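Chain and residue survey
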Amino acid sequence: MTPEKLCELAKEPMTHSYSPYSGYKVGAALLCTDGTVYQGCNIENAGFTPTICAERTAIFKAIYDGHRDLEAIAVCGGKDGVITGLFPPCGVCRQVMREFCRDDFLVYLVTPEGYETRTLTQLLPDSFSSADMH
């Protein structure tokens with residue numbers, strides 16, 4: 001699957017976002033190495049802590065279905081569902097990616113003009129992973 005197609009697939013879940021507090025709708029599309037795609041949206045909560053991001057929604061859906069070989073994720077977001085610039089994963093999402101993804105896992109950050117690419121290592125340098133649990 002092309003990065004462009006994955007970025008397009010990230011836009012649709014924004015319409016499912018439950019974001020009455022921030023107004024920021026976020027969508028994600030996660031590509032597994034076998035070609036399976038999982039989409040996710042952000043789901044807010046008045047208590048804020050129980051809020052879940054689009055990236056974690058997609059990753060947890062994949063993990064639940066037994067997919068552990070993850071290749072790339074596209075992420076987009078913006079106020080009232082309008083993409084106006086980069087919408088990078090939060091720190092918690094980056095740590096979840098660290099748990100399930102390789103260093104070269106690709107993150108496509110959707111912009112109004114296209115997308116920018118980062119690796120997980122670029123987004124989360126010097127990270128703590130299961131390899132550090134000895």
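This text gives an overview of the structure that appears in the document. Note that the coordinates shown come from a computational prediction; the quantities given were computed from them, not determined experimentally.

Examining the environment of Ala10
Its location among the elements puts Ala10 in helix H1 (residues 3-11). Judged by relative accessible area, which is 0%, Ala10 ranks as buried. Residues Ala10 and Asp132 lie 122 residues apart in sequence; the distance between their C-alpha atoms is 32 Å. Residues in contact with Ala10, not counting those within four places in the same chain, are Gly27, Ala28, Ala29, Ala74, Val75 and Cys76.

Describing the pairing of strand E1 (residues 24-32)
The element E1 is extensively covered by neighbouring structure, given that 7 of its 9 residues are classed as buried. Relative to strand E3 (residues 70-79), E1 runs antiparallel, the two sharing 9 bridges. In the strand pairing of E3, Ala29 is matched with Ala74. Where E1 folds back on strand E2 (residues 37-41), the antiparallel hairpin that results is connected by 4 residues, among which Gly35 adopts a positive phi of roughly 95 degrees.

Describing the pairing of strand E4 (residues 106-111)
The buried fraction of E4 is high, at 5 of 6 residues. In this structure, E3 lies alongside E4, joined through 4 bridges in parallel fashion. Bridged to Ala74 within E4 is Tyr108. Assessed by its sense of winding, the connection that carries the chain from E3 through helix H3 (residues 91-100) to E4 is right-handed. Bridge count between E4 and strand E5 (residues 114-119): 6 bridges; the pairing is antiparallel. Pairing of Tyr108 across the sheet is with Thr117, part of E5. Count of turn residues in the E4/E5 antiparallel hairpin: 2 residues.

Looking at the pattern of salt bridges
Under the counting rule described, the total for this entry stands at 5 salt bridges. Of the charged contacts in the structure, one is a salt bridge between Asp103 and Arg98, with a shortest N-O distance of 2.8 Å. For Arg98, a relative accessible area of 8% translates into the label buried. A single network of salt bridges, built from pairs that share partners, joins Asp69, Arg102 and Asp104.

Digging into the sheet that holds E2
Read across the open sheet, the 5 strands follow the order E2-E1-E3-E4-E5; overall the sheet is mixed. Two strands close off the open sheet at either side, each with one partner strand: E2 and E5. Sheet twist, expressed as the mean angle between neighbouring strand axes with direction ignored, is 20 degrees. Inspection of the sheet shows E1 paired to E2 by 5 bridges, in the antiparallel sense.

Considering helix H2 (residues 54-64)
With 8 of its 11 residues buried, H2 lies for the most part within the structure. When we look at burial in H2, the residues that qualify are Ala54, Glu55, Arg56, Thr57, Ala58, Ile59, Ala62 and Ile63. Structurally, H2 contributes buried residues whose contacts are with E1, E2, E3 and H3. Looking one or two residues beyond H2, the residue adopting positive phi is Gly66, at roughly 90 degrees.

Calculation notes
- Every chain is numbered independently, its residues counted from 1 as its sequence is written.
- Where local features are concerned, this predicted model is filtered to residues with pLDDT of at least 70; where side-chain atom pairs are given and counted, the filter is 80 or more; whole-chain, interface and lining totals use all residues.
- As a rule here, side-chain values come from all non-hydrogen atoms in the structure, and water together with hydrogens is ignored.
- To qualify as a helix, a DSSP run of H or I must reach at least 4 residues; to qualify as a strand, a run of E must reach at least 2; elements of each kind are numbered from the N terminus.
- For every residue, the accessible area (1.4 Å probe, protein chains only) is compared with the maximum for its type, and the residue is labelled buried under 20%, exposed over 50%, or partly exposed between those bounds.
- Residues count as neighbours in contact if any of their non-hydrogen atoms are within 4.5 Å of one another.
- Pairs of strands are assigned from DSSP output, requiring at least two bridges between the strands.
- For a crossover, the right-handed case is the one in which the path from the first strand over the helix to the second runs clockwise, viewed with the strands pointing away from the viewer.
- Any carboxyl oxygen of Asp or Glu within 4 Å of a side-chain nitrogen of Lys or Arg constitutes a salt bridge here.
- Helix axes are fitted only over the stretch in contact, all axes being lines through C-alpha atoms; the angle between N-to-C directions runs from 0 to 180 degrees.

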